[in-house]
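# Secondary and tertiary structure notes
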Amino acid sequence: YRSVLWLLDLETRNPPRALTSFDAQASSPALSPDGDSVAFLSKRGDDQSQQIYVIGIDGGEARRVTQADRESLSSIDGWSSDGKRLAYVRSREDT
């Protein structure tokens, strides 16, 4: 499936705007403490599994911040208060 992350400003009530496109899936968004970036899960291009990407709320190109191989990243649990670390859940199938 394909999904898009949207940003809605509750203060201005401007129409929501897309942060990502339908080129890939996007899920589990987590806003940084300073409100400038969003971390999210996505599988894009040559990714073997879902990775964590970060994009600025002003848009632009998302940058991958993980290198998970066979593991599955299933959720982002949040940013540290200083915005320098992300907590996330990673699992893999035992074979």
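Along each chain, residues carry numbers from 1 onward, in the same order as the chain's sequence is written. Only residues with pLDDT of at least 70 get local features here, since the model is predicted, and only at 80 or more are side-chain atom pairs given and counted; chain-wide, interface and lining totals rely on the full set of residues. Hydrogens and water are ignored here; the side-chain numbers use all heavy atoms of the structure.

### Some details on the packing of aromatic side chains
Quick reminder of the rule: The rule is short: rings of Phe, Tyr and Trp, with Trp giving its six-membered ring, pair when the centres are within 6.5 Å, and they are stacked under 30 degrees, edge-to-face over 60, tilted in between. Helix numbering and strand numbering both begin at the N terminus, where a helix is a DSSP run of H or I of at least 4 residues and a strand a DSSP run of E of at least 2. A simple rule labels every residue: compare its accessible area, found with a 1.4 Å probe on the protein chains alone, to the largest value its type can have, and call it buried under 20%, exposed over 50%, or partly exposed in between. The criterion is that NZ of a Lys, or CZ of an Arg, lies within 6 Å of the ring centre and within 35 degrees of the ring normal, and then a charge sits over that ring.
All told, the structure shown has 1 aromatic pair when counted by the stated rule. Plain terms: the ring middles of F40 and Y53 are 6.1 Å apart, the flat faces sit at 25° to each other, and that makes the pair stacked. Of this pair, F40 sits in strand β4 (residues 37-42) while Y53 sits in strand β5 (residues 51-56), and the two are 13 residues apart along the sequence. Y53 gets classed as buried once you look at its relative accessible area, which sits at 7%. Above the ring of Y53, the side-chain terminus of R44 is found at 5.1 Å from the ring centroid.

### Considerations on the pattern of salt bridges
In plain terms, the rule: Every case where a carboxyl oxygen of Asp or Glu lies within 4 Å of a side-chain nitrogen of Lys or Arg is listed as a salt bridge.
Counted by the stated rule, this structure contains 2 salt bridges. The salt bridge partner of D47 is R64, with a shortest N-O separation of 2.6 Å. Residue D47 is found in the loop between β4 and β5, and its partner R64 is found in strand β6 (residues 59-64); the two are separated by 17 residues along the sequence. For R64, a relative accessible area of 35% translates into the label partly exposed. Among the salt bridges present, the one from R85 reaches D82, with a minimum N-O distance of 4.0 Å. Assessed through its relative accessible area of 43%, D82 is described here as partly exposed.

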